[in-house]
Amino acid sequence: MDVNAAVAAVAAIAGVLTGVIAMLAFRWSEREQNRPTRSSLHTDAVLPPGVDTVLSVLRSSAVVLDEADAVVKASSAAYALGLVRGGKLAVEPMLQMARDTRRDGEIRQVELDLPRRGTGRGEALAVSARVAPLGSRLVLLLVEDLTEARRIEAVRRDFVANVSHELKTPVGALSLLSEAVMDASDDPEAVQRFAGRMQIEATRLTSLVQELIDLSRVQNDDPLEDAEPVRVDELVAEAVDRCRHQAGTKQITMAAGGTADLRVWGNRGQLAAALGNLVENAVNYSPARTRVGIAARSVTAPGGDHIEIAVTDQGIGISDKDKERIFERFYRVDPARSRATGGTGLGLAIVKHVAASHGGEVTVWSAEGQGSTFTLRLPEAGAARDRAHQQHAREIRAGGAGLDEEAGRATPPTSPESTAYETLPAPEVLP
């Protein structure tokens, strides 16, 4: 009996211990299941209600960090900028800002220059970062890309500086010449010489102001508002008449040829100014007793037929390094020669803007000592008009979408012999 009682007591104790251990194990398992894990912190469930929706519509790059600096939520723009890598914020200054904000709850903002991913040229990415607390545990980081804004601001500053310099030169010359005229009042020959110089500087100043007005107009106006079919023959004839005097002075022969009865669709005044600038440059930069040619032809392209108007000269040519910049405002290949010819450095910039606003482009082939060929490529009147009507209908349906930029790309000629002048009918020589 004593043995059986002992066995029963031991079994009872073992059963009680087993029950206690099972209950403790169950409680421990339940507690572990309810404990927030690291992976659960990375889900959208920890975000306050509505925050996910707000972040999805923000234009800024957005990153939400938890108390362990892990990324809870990040927009696609944040990944594109390289802010988030491997579930972590990859920019140390921003990470430190987030930690400081989590510690004291203060909103912080700073502008940073970050290395641009995927480039080996050391280009900087300018950003503005703002950090704010989001609830009791999270921190919100908003990053705005300022690179394009800074570039535009730099262009604006350069433009203002260039305009100031270009205006200062003729104004200063007029001031000095007027003083010289006053001092030489008893010398008729000197007065006449200084007065002639004053006329040259006044003409240069007038041209500069007019081209600034023209550049502002082509940048701000919509050429399609007053668009019409424009005969290329008339544009060529107007450009030739504009430069006839300068060409005659240098004994330069101007020849016009190509396919007759071509039409482009656009603003007549802007197109005439653009082609006139190309012909005027060809005359100004050509030696005496040479030839300037203007030819037009129709080119079939996948997006619709285009008209190419090529202006070729036998001038000094343009180096490869200068060809990349000749369409910049106020850029001159030879500043001394430009001042001698009265150039302002705005003519080719106007041509570029006119071509782009009409859905076309301007290209250049040139070799030093062999001359240059500038090709103005514009949509043919019928195709351009149809595209303009289709675009207008799309804008009405879309509530005012921007202009479509569907223009083919012109292939610049590789040598003077490959230009349109060798394949088009013989040009008409204009006196």
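Residues numbered from 1 in each chain as written. Predicted model: local features only at pLDDT ≥ 70, side-chain atom pairs only at ≥ 80, totals over all residues. Heavy atoms only, no water.

A few words now on the overall build of the chain. Broken down by element type, the chain carries twelve helices and 15 strands. Across the chain, every contact between residues at least 6 apart in sequence was considered, and the portion connecting residues at least 24 apart equals 65%. For the chain, the accessible surface area stands at approximately 24,400 Å², while carbon and sulfur atoms represent 54% of it. (Helix = DSSP H or I, 4+ residues; strand = E, 2+ residues; numbered from the N terminus. Contact = heavy atoms within 4.5 Å. Areas by Shrake-Rupley, 256 points an atom, 1.4 Å probe, with all protein chains shown as cover.)

What describes two packed helices is the angle between their axes and the distance between those same axes. Axis separation between helix H8 (residues 268–284) and helix H11 (residues 347–357) bottoms out at 9 Å; the angle between their running directions is 140 degrees. In terms of their interaxial angle, H8 and H11 are classed as oblique. Crossing handedness for the pair H8 and H11: left-handed. Taken together, the residues of H11 that come into contact with H8 (itself represented by Gln 270, Leu 271, Ala 274, Asn 277, Leu 278 and Asn 281) are Gly 347, Leu 348, Ile 350, Val 351, Val 354 and Ser 357. Among the residues forming the contact of H8 with H11, the class breakdown is seven nonpolar, five polar and no charged. (Axes fitted to C-alpha atoms, helices over the stretch in contact; angles between N-to-C directions. Parallel < 35°, antiparallel > 145°, perpendicular 65-115°, else oblique. Left-handed = near helix turned anticlockwise from the far one by under 90°. Nonpolar A, V, L, I, M, F, W, Y, C, P; charged D, E, K, R; others polar.)

This paragraph deals with the sheet that holds strand S5 (residues 108–115). Spatial ordering of the open sheet is given by S2-S1-S7-S6-S5, a layout of five strands whose pairing is antiparallel. Edge positions in the open sheet fall to strand S2 (71–74) and S5, since each of these has one partner strand only. Neighbour-to-neighbour, the strand axes of this sheet turn through a mean angle of 25 degrees, independent of strand direction. With three bridges joining them, strand S1 (residues 61–65) and S2 adopt antiparallel strand pairing. Each residue of the ladder has a partner; that of Val 64, found in S2, is Lys 73. Along the sheet face, helix H4 (residues 92–104) touches S1, S5, strand S6 (124–134) and strand S7 (138–145) and points at about 165 degrees away from the line of S5. Lying over the sheet, helix H5 (residues 147–183) contacts S5, S6 and S7, oriented at roughly 135 degrees with respect to S6. (Pairing = 2+ DSSP bridges.)

Time to look at the pairing of S7. Looking along a regular strand, one sees side chains alternate from face to face of the sheet. With five bridges joining them, S1 and S7 adopt antiparallel strand pairing. Directly across from Ser 61, in S7, lies its bridge partner Val 143. The antiparallel pairing of S6 with S7 creates a hairpin that spans three residues between the two strands, and Gly 135 there sits at a positive phi of about 75 degrees.

As a further point, take the packing of aromatic side chains. For the coordinates displayed, the defined rule picks out one aromatic pair. Geometry around Phe 194 places Arg 193 over its ring, the cationic atom sitting 5.1 Å from the centre. (Phe/Tyr/Trp six-rings, centres within 6.5 Å; stacked < 30°, edge-to-face > 60°. Lys NZ or Arg CZ within 6 Å of the ring centre and 35° of its normal.)

Further remarks concern H8. Over its 17 residues, H8 runs 24 Å from end to end, which matches the ideal 24 Å to within 8%, given 1.5 Å per residue. Counting buried positions along H8 gives twelve out of 17 residues, so the element sits mostly inside the fold. Where H8 starts, the residue carrying a side-chain oxygen 3.0 Å from the main-chain nitrogen of Gly 269 turns out to be Asn 267. (Expected span 1.5 Å × (residues − 1). Buried < 20%, exposed > 50% of the residue type's maximum accessible area, 1.4 Å probe, protein only. Polar contact = N/O pair within 3.5 Å; in protein donor to acceptor, adjacent residues only side chain to side chain.)

Residue placement: Leu 262 occurs in the loop between strand S9 (253–258) and strand S10 (263–266). Apart from the residues lying within four places of it in its own chain, the contact partners of Leu 262 are Val 230, Arg 231, Val 232, Ala 296, Arg 297, Ser 298 and Ile 307.

The subject of this paragraph is unusual backbone geometry. A positive phi is found at Asp 69, a non-glycine position, where the angle reads about 65 degrees. Tracing the chain through its elements places Asp 69 in the loop between S1 and S2. A relative accessible area of 11% means that Asp 69 is categorised as buried. One non-glycine residue, Gln 251, lies in positive phi territory at about 55 degrees. Along the chain, the position of Gln 251 falls in the loop between helix H7 (232–249) and S9.

Moving on: the pattern of salt bridges. Per the stated rule, a full pass over the model turns up 22 salt bridges. Put simply, Glu 67 and Arg 137 hold a salt bridge, and the shortest N to O gap is 3.7 Å. Placement of Glu 67 in the loop between S1 and S2 and of Arg 137 in the loop between S6 and S7 is noted, with a sequence separation of 70 residues between them. Given a relative accessible area of 36%, Arg 137 falls into the partly exposed group. Linking Arg 231 and Asp 233 is a salt bridge whose minimum nitrogen-to-oxygen distance equals 3.3 Å. Owing to a relative accessible area of 26%, Arg 231 belongs among the partly exposed residues under this scheme. In this structure, a network of salt bridges that share partners links the residues Arg 231, Asp 233, Glu 234, Glu 238, Asp 261, Arg 263 and Arg 268. (Salt bridge = Lys/Arg side-chain N within 4 Å of Asp/Glu carboxyl O.)

In this section: H11. Listed in full, the buried residues belonging to H11 are Gly 347, Leu 348, Ala 349, Ile 350, Val 351, Val 354 and Ala 355. Taken from the residues just after H11, Gly 359 is the one with a positive phi, measuring 80 degrees.

Counting buried residues in S1 gives five out of five residues, a clear majority hidden from the surface. Burial of S1 is two-sided: the residues Ser 61, Val 63 and Leu 65 facing one way and the residues Ala 62 and Val 64 facing the other way are all buried. Count of turn residues in the S1/S2 antiparallel hairpin: five residues, of which Asp 69 carries a positive phi of about 65 degrees.

Looking now at the side chain of Arg 377. With respect to the helices and strands, the residue Arg 377 is situated in strand S14 (residues 371–379). The exposure class of Arg 377 is buried, given its relative accessible area of 6%. Of note is the side chain of Arg 377, whose polar atom sits 3.4 Å from the side chain of Glu 308.

What follows deals with the packing of H7 against H8. Contact geometry for H7 and H8: axes closest at 8 Å, N-to-C directions at 40 degrees. In this view, H7 runs oblique relative to H8, as classed from their interaxial angle. When the axes of H7 and H8 are compared, the crossing they make is right-handed. Contacts between H7 and H8 involve Glu 234, Leu 235, Val 236, Glu 238, Ala 239, Arg 242, Cys 243, Gln 246 and Ala 247 on the former and, on the latter, Arg 268, Leu 271, Ala 272, Ala 273, Leu 275, Gly 276, Asn 277, Val 279, Glu 280 and Val 283. Looking at the contact of H7 with H8 residue by residue, the classes come out as eleven nonpolar, three polar and five charged.

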